[in-house]
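Overview (structure and organization)
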Amino acid sequence: MRIYNKLIIAFLILSVVPTLFIGVVGFYNAKNSLEKAIISNLNNVADEGVKEIEAFIAARKSDMMLLQQQNVYKATFSILDQFSDNQSSSYYIDARKAIDAQLAVFQVMYRYIDIRLVNKSGKVIYTSSTGQDPELNKFIKNKEDIFEQVKNGIYVCDAVKGYGKEDSFTFCLAGSAYGRTDEVIGLIQLKFDMKEVFDRLNSNAHLGNSGEIMCAKKTSNNEAFFLSPLKDEGAAIPEKKIILGTRNAFAMQRAVLGESGSGRSTDYR
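Before going into details, it helps to say that this report is about the structure given with it.

Rules behind the numbers
- Residues numbered from 1 in each chain as written.
- Predicted model: local features only at pLDDT ≥ 70, side-chain atom pairs only at ≥ 80, totals over all residues.
- Heavy atoms only, no water.
- Helix = DSSP H or I, 4+ residues; strand = E, 2+ residues; numbered from the N terminus.
- Rg over C-alpha atoms; globule rule 2.2 N^0.38 Å.
- Buried < 20%, exposed > 50% of the residue type's maximum accessible area, 1.4 Å probe, protein only.
- Contact = heavy atoms within 4.5 Å.
- Areas by Shrake-Rupley, 256 points an atom, 1.4 Å probe, with all protein chains shown as cover.
- Lys, Arg positive; Asp, Glu negative; His and termini not counted.
- Charge placed at Lys NZ, Arg CZ, Asp CG, Glu CD.
- Pairing = 2+ DSSP bridges.
- Axes fitted to C-alpha atoms, helices over the stretch in contact; angles between N-to-C directions.
- Core = buried A, V, L, I, M, F, W, Y, C linked by side-chain atoms within 4.5 Å.
- Phe/Tyr/Trp six-rings, centres within 6.5 Å; stacked < 30°, edge-to-face > 60°.
- Lys NZ or Arg CZ within 6 Å of the ring centre and 35° of its normal.

Turning our attention to the overall build of the protein. Counting its regular elements, the protein contains six helices and nine strands. Its C-alpha atoms give the protein a radius of gyration of 28 Å, more than 25% over the compact-globule value 18 Å for 269 residues. Considering the protein as a whole, with its 269 residues, one finds that 35% of them fall into the buried category. Across the protein, every contact between residues at least 6 apart in sequence was considered, and the portion connecting residues at least 24 apart equals 48%. If you sum the accessible surface of the protein, you get close to 16,700 Å²; carbon and sulfur atoms cover 55% of it. Between the mean site of the 33 positive side-chain charges and the mean site of the 31 negative ones, the protein shows a separation of 7 Å.

Right under this line is the structure:
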């Protein structure tokens, strides 16, 4: 090979290789910087979402404390309790109308699905729902636990699926109901649709076409159960579960276990 050709090859190697090296290093540096910026933004969105939920729950607790201080139910609670087995009784009907008239504005203003009164035995004796509540005159679930929890203040109950196939998830707040002499006579429950929470989260988030904020809970079967509608399923209520310990939706698995953090993982899709 002629010296001239060797010089050209040497020149190309000395110029191209460093350029490629700098290009590759620059690409990965830019990639890492961009990824860090995106994850930082997602962390901020998640933190703001937490604050949004906490503010929403705090407002609902204020509503509960307002109801606990009112005389709306105190005069009629014993009548509702006594005649809840006979809801066609004029005594029950009159007592119900008296409470309905005072709670109607409150319920519409704060968009509660239902406001309930529960006696000391755990039986639902009043419901503000306009439809026929299947739990009226029945005992609430986990009544012993709820009565124990409200001794320490207002209790946020677990999210549950509605009775209808198309119903979304709901959850409620429970607080002690007090009589005229401030003795505990039962419970007040404020029930609302979790769509209220999801709408607040999504209205303030800037996540592009593919990003989304998701809510889930840990089930007794050691699963992460998605509560919020998922983007790839439209507005349908999800029935998606992820078994804890698998590779999918790793971030959500850590979240339902009470851990925080961020990084890359395979998503639920």
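Looking now at the sheet that holds strand E9 (residues 241–243). If you walk across this open sheet you meet the three strands as E7-E8-E9, and the pairing is antiparallel. Each of the sheet's edge strands pairs with one partner strand only, and the pair in question is strand E7 (216–218) and E9. Sheet twist, expressed as the mean angle between neighbouring strand axes with direction ignored, is 20°. Bridging between strand E8 (residues 223–226) and E9 involves three bridges; their strand directions are antiparallel. Bridge assignment links Ala224 to a residue of E9, and that residue is Ile242.

Before going further, it helps to spend a moment on the nonpolar core. Counting residues in hydrophobic clusters, the biggest one holds 48 residues, and the most contacted among them are Tyr73, Leu80, Ile99 and Leu117. Here this core gets six residues from one element, more than from any other, and that element is strand E5 (residues 169–178). Excluding residues within four positions of it along the chain, Tyr73 makes contact with Leu67, Gln68, Ile99, Leu117, Ala177, Tyr178, Ile185 and Ile188. Core analysis: the next-biggest nonpolar cluster, separate from the first, contains eight residues, Phe226, Leu230, Ile242 and Val256 among them.

Tallied over the entire structure, the rule returns seven aromatic pairs. Ring geometry for Phe171 against Phe192: centres 4.6 Å apart, planes inclined by 70°, an arrangement best described as edge-to-face. With a gap of 21 residues between them, Phe171 in strand E5 and Phe192 in strand E6 (residues 184–193) connect regions that are remote in the sequence. Assessed through its relative accessible area of 1%, Phe192 is described here as buried. It is Arg60 that lies over the ring of Phe56; its NZ or CZ is 4.8 Å from the centre.

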